[in-house]
Amino acid sequence: MSAKAKKLVEECAAEKHKTLDLVDRSISNIIDLPGFLNLQHVTSITLAHNKLSSLPASIANLVNLEVLNLFNNQLEELPTSLSSMPCLKQVLDLTYNNLNEKSLPGNFCQLETLRALYMADNDFEYLPTEIGQLQNLQILVLRDNELVALPKEIGDLIRLRELHIQGNRLTVLPPEFANLDLMGTKNVFKYEGNPWAPPIMEQLKKGLANMFDYIKSDTYKYLYGRRIAADAPPPPRSHDKSKKASRKGMKAKS
Amino acid sequence: MATLHAPQFLQPLNEQNASPLFRRRANTRERDHAQVGGGGADGPNFGSSRFSDTQANHDMQLGPDGSLAICTRCHEGFDVTEKIVNSGGDVWHPRCFVCAQCFQPFPEGVFYEFEGRKYCEHDFQVLYAPCCNKCGEFVIGRVIKAMNTSWHPSCFHCQLCDAPLADIGFVKNMGRALCRECNAKEKASGSGKYVCHKCHAIIDEGHIKLKGDVYHPYHFSCASCGTELTPDAREKNGELLCLRCHDKAGVPICGACRRPIEGRVINALGKTWHPEHFVCAKCEKPFHGSRHYERRGLAYCENHYHQLFGDLCFVCNNVIPGDVCRALNKCWCFNHFSCSACDRQLSEKTKFFVMDVKPVCKHCFEKFPSELQKRLKKASDAGLG
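Residues numbered from 1 in each chain as written. Chains lettered and ligands numbered in written order. Predicted model: local features only at pLDDT ≥ 70, side-chain atom pairs only at ≥ 80, totals over all residues. Heavy atoms only, no water.

- Identification of chain B as LIM domain-containing protein from Bugula neritina is taken from an unreviewed UniProt entry.

- Identification of chain A as RSU1 from Bugula neritina is taken from an unreviewed UniProt entry.

What follows is the structure, given as structure tokens:
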């Protein structure tokens, strides 16, 4: 860890800066930054391009924190206290970490004011069913995870206007998915790079509107029900993620 | 079984010990005898009769058919010296021949019979005689049944010309009994005029309508101010209002509370509102003259309109004041447009890379793990970035 990081924290504490930029300082643990957890006046912290594998629960001391950027770290878990941070409600960028469904604290979905959740380049196979509680979520990015299924509760995210699920292991979509309005010109829906079941693939080739109409149909509901009942094994992992930069820390540890 | 001795306690009536009433009756007896079965028999349901005395003889008394005489009321025989009252073939002791109601002898020997019971005139009338609808006295004799009530023939007159109707017949006209001539006149004068639904009289000038029926205005009061109505009253929602109250009721109604607006009126969204009730559909704060924004029939304050439908900054989530940076389907405040990885400010001229439809500065992109860089480049080359 660079000595510069400590200096930046001290400077921020002394001069009461609202923002703290700790990009690419090779930080592996927050505890290594004395005084960091006392920066209660800070509203925005950028910890992109570091080597954090976990966050201390006491991060909740930063009561005024609104934006927390954890892009490109090695996070494997998130503290439960994250949900209790009163101002942290806008954008959460967890792109390029080692997170999966087990890393999310149980109360994660109580961040009901969350507008954008970036979790691309992680290891999620499933999403928690509580995801439907994120009623204000407008952007959900799950690009390049290991998702094998989406919960039907995803249909509850009525404000969603950007959804990225490309590069996963999805074969079907729950019929409730049709509740989402992702077809407008202002909306984004990315679904490429999934082993879609043939009927869905066929509809997708015809166009997004066809696909949405199709998954609303009773035919599809029947097929979907049968597929869920059959409990077929998920498709195998298609990407080799061992080369991910976020894995390096793990290798070093092991 | 008769006895030869008169009982001590029962003295037969004679000239010496009879009461004055009895003596008076005895004096009129001769005249009464001539009228048995006579007077007062006009009524269909009742009749009056007078009794006849049988002179006592000094042997066992026998009934008219020769059998032993038994009093109809007390079922006892008669003393040889006793008087026997005979009426219609039945016999009584004089003390038993009394009114069924007051147990007094019949004045003047006149009684009225009803369902086998005999009453004095007074009690009979009280109990059974009809009452005249006009004079309120009992009707004895001929009864006129008309207009659902009873009348003396002499009391039943045309309600307009006062001609007696008992023998010439009558016509019912709006609850009144009229002679034929008067009825014809009424019909002629009433043609083309309304008849009040309440009092059934002709409405000479000015009627009001309520639920399709016409009335004299003076039968009603204004539902709002309570004054007696005039023909210019109006019906509104099934209530009658005087003209003044009706016009007042024409004041605008608040679109929120549905009550009339007395003071300042806000016209918006095609409705009228109390100033304090014209509020933002989101925060419910009154606009109080500040600008409002309409969308789908609802009004919003500036802040909430933009929050719900307008350009909100991707970073601060507030309405964007001043210049807007538009890119990647998103908007930013001019000084909030920044790299999503390092939060360094970008300008619209700065070259940036795109990852997950958000901007990444060149500096950050170059710091990305090389395998991610490769993937992103590949995706963008394939047109999927």
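Focus: the overall build of chain A
In step 1: Summing up its helical and strand segments, chain A has five helices and eight strands in all.
In step 2: Put simply, chain A runs from its N terminus to its C terminus through helices and strands in the order α-β-β-β-β-β-β-β-β-α-α-α-α.
In step 3: Looking at chain A as a whole, 56% of its 254 residues are labelled buried.
In step 4: Nonlocal contacts in chain A, meaning residues at least 24 apart in sequence, comprise 51% of its contacts between residues at least 6 apart.
In step 5: Working note: accessible area of chain A is about 11,200 Å², and carbon and sulfur atoms make up 51% of it. (Helix = DSSP H or I, 4+ residues; strand = E, 2+ residues; numbered from the N terminus. Buried < 20%, exposed > 50% of the residue type's maximum accessible area, 1.4 Å probe, protein only. Contact = heavy atoms within 4.5 Å. Areas by Shrake-Rupley, 256 points an atom, 1.4 Å probe, with all protein chains shown as cover.)

Details of the overall build of chain B
In step 1: Of regular secondary structure, chain B possesses seven helices and 24 strands.
In step 2: Within chain B, the proportion of its 385 residues that are buried is 35%.
In step 3: A sequence separation of at least 24 residues applies to 20% of the contacts in chain B between residues at least 6 apart.
In step 4: Carbon and sulfur atoms make up 50% of the accessible area of chain B, which totals about 23,400 Å².

Examining the interface of chain B and chain A
In step 1: The interface is formed by 26 residues belonging to chain B together with 36 residues belonging to chain A.
In step 2: With both chains or domains summed, chain B and chain A bury close to 2,400 Å², and 49% of this area falls on carbon and sulfur atoms.
In step 3: Ranking the residues of chain B by area buried against chain A places B:F314, B:N329 and B:D356 at the top, with a combined share of 23%.
In step 4: Connecting chain B to chain A are six salt bridges.
In step 5: Put simply, B:K330 and A:E162 hold a salt bridge, and the shortest N to O gap is 2.6 Å.
In step 6: One can count nine residue pairs in polar contact (both at pLDDT 80 or more) joining chain B with chain A.
In step 7: When contributions to the side of chain B that touches chain A are tallied by element, the ones reaching two or more residues are α6 (362–367) and α7 (370–381) of chain B.
In step 8: The greatest single-element share of the side of chain B that touches chain A, amounting to four residues, is contributed by α7(B).
In step 9: Tallied by class, residues from the side of chain B that touches chain A come to 14 nonpolar, four polar and eight charged. (Buried area = accessible area lost by both parts, 1.4 Å probe. Salt bridge = Lys/Arg side-chain N within 4 Å of Asp/Glu carboxyl O. Polar contact = N/O pair within 3.5 Å; in protein donor to acceptor, adjacent residues only side chain to side chain. Nonpolar A, V, L, I, M, F, W, Y, C, P; charged D, E, K, R; others polar.)

As for the pattern of salt bridges
In step 1: Enumeration over the complete set of coordinates arrives at 16 salt bridges over all chains.
In step 2: A salt bridge links A:E153 to A:K152; its shortest N-O distance comes to 3.5 Å.
In step 3: Accessibility expressed as a relative area gives 46% for A:K152, which makes it partly exposed.
In step 4: Across the pair B:D167 and B:R142 runs a salt bridge, and its minimum N-O distance is 3.2 Å. One end of the pair, B:D167, is in the loop between β8 (149–151) and β9 (171–173); the other, B:R142, is in the loop between α2 (121–128) and β7 (144–146), with 25 residues separating them in the sequence.
In step 5: Classification of B:D167 as exposed rests on a relative accessible area of 66%.
In step 6: Using a relative accessible area of 42% as the deciding quantity, one classes B:R142 as partly exposed.

Describing unusual backbone geometry
Residues and elements named next belong to chain B.
In step 1: Phi is positive for R258, which is not a glycine, with a value near 65°.
In step 2: In this fold, R258 is placed in the loop between α4 (243–249) and β17 (266–268).
In step 3: One non-glycine residue, R296, adopts positive backbone phi at about 50°.
In step 4: Exposure remark for R296: the relative accessible area of 75% places this residue in the exposed category.

A word on the sheet that holds strand β3 (residues 67–69) of chain A
All names here are of chain A.
In step 1: Across the sheet, which stays open at both edges, the eight strands sit in the order β1-β2-β3-β4-β5-β6-β7-β8 with parallel pairing between neighbours. Two strands lie at the open edges of the sheet, namely β1 (19–21) and β8 (188–190), each paired on one side alone. Recorded for the sheet is a direction-independent mean angle of 5° between the axes of neighbouring strands. (Pairing = 2+ DSSP bridges. Axes fitted to C-alpha atoms, helices over the stretch in contact; angles between N-to-C directions.)

Regarding the pairing of strand β20 (residues 298–301) of chain B
Residue and element names in this part refer to chain B.
In step 1: Examined bridge by bridge, strand β19 (residues 292–295) and β20 share four bridges and lie antiparallel to one another. Counted as the bridge partner of R295 is L298 from β20.
In step 2: In this structure, the hairpin formed by β19 and β20 is closed by a connection of two residues, where R296 is found at a positive phi of approximately 50°.

Overview of the environment of B:A281
All names here are of chain B.
In step 1: Considering the arrangement of structural elements, one finds A281 in the loop between β18 (271–273) and β19.
In step 2: Classification of A281 by relative accessible area gives partly exposed; the value is 35%.
In step 3: For the pair formed by A281 and C301, sequence separation is 20 residues and the distance between their alpha carbons is 8.1 Å.
In step 4: In contact with A281, not counting residues within four places along its chain, are L298, A299 and Y300.

Examining the packing of helix α2 (residues 198–206) of chain A against helix α3 (residues 208–216) of chain A
Residues and elements named next belong to chain A.
In step 1: Relative to each other, α2 and α3 sit at 140°, their axes nearing to 5 Å. If you check the angle between α2 and α3, you find them oblique. Across the interface between the two elements, P199, I200, Q203, L204 and K206 from α2 touch L208, N210, M211 and Y214 from α3.
In step 2: Of the residues that constitute the contact of α2 with α3, the class distribution is six nonpolar, two polar and one charged. (Parallel < 35°, antiparallel > 145°, perpendicular 65-115°, else oblique.)

Here's the deal with the nonpolar core
In step 1: A:L20, A:L22, A:F36, A:L47, A:L117, A:I165 and A:F177 are the most contacted members of the largest nonpolar core, which totals 70 residues.
In step 2: Listing elements by their share of this core, those giving two or more residues are α1 (3–15), α2, α3 and α4 (218–230) of chain A.
In step 3: With 32 residues, the next largest nonpolar core counts A:F71, A:I139, B:F337 and B:M355 among its residues. (Core = buried A, V, L, I, M, F, W, Y, C linked by side-chain atoms within 4.5 Å.)

Description of α4(A)
In step 1: Between its first and last C-alpha atoms α4(A) spans 18 Å; for 13 residues at 1.5 Å apiece the expected length is 18 Å, and the two agree.
In step 2: A:D231 sits one or two residues past α4(A) and shows a positive phi near 55°. (Expected span 1.5 Å × (residues − 1).)

A word on the environment of B:A100
All names here are of chain B.
In step 1: Along the chain, A100 falls in the loop between β4 (90–92) and β5 (110–114).
In step 2: Along the backbone, A100 and C120 are 20 residues apart, and their C-alpha atoms lie at a distance of 8.0 Å.
In step 3: Apart from the residues lying within four places of it in its own chain, the contact partners of A100 are R117, K118 and Y119.

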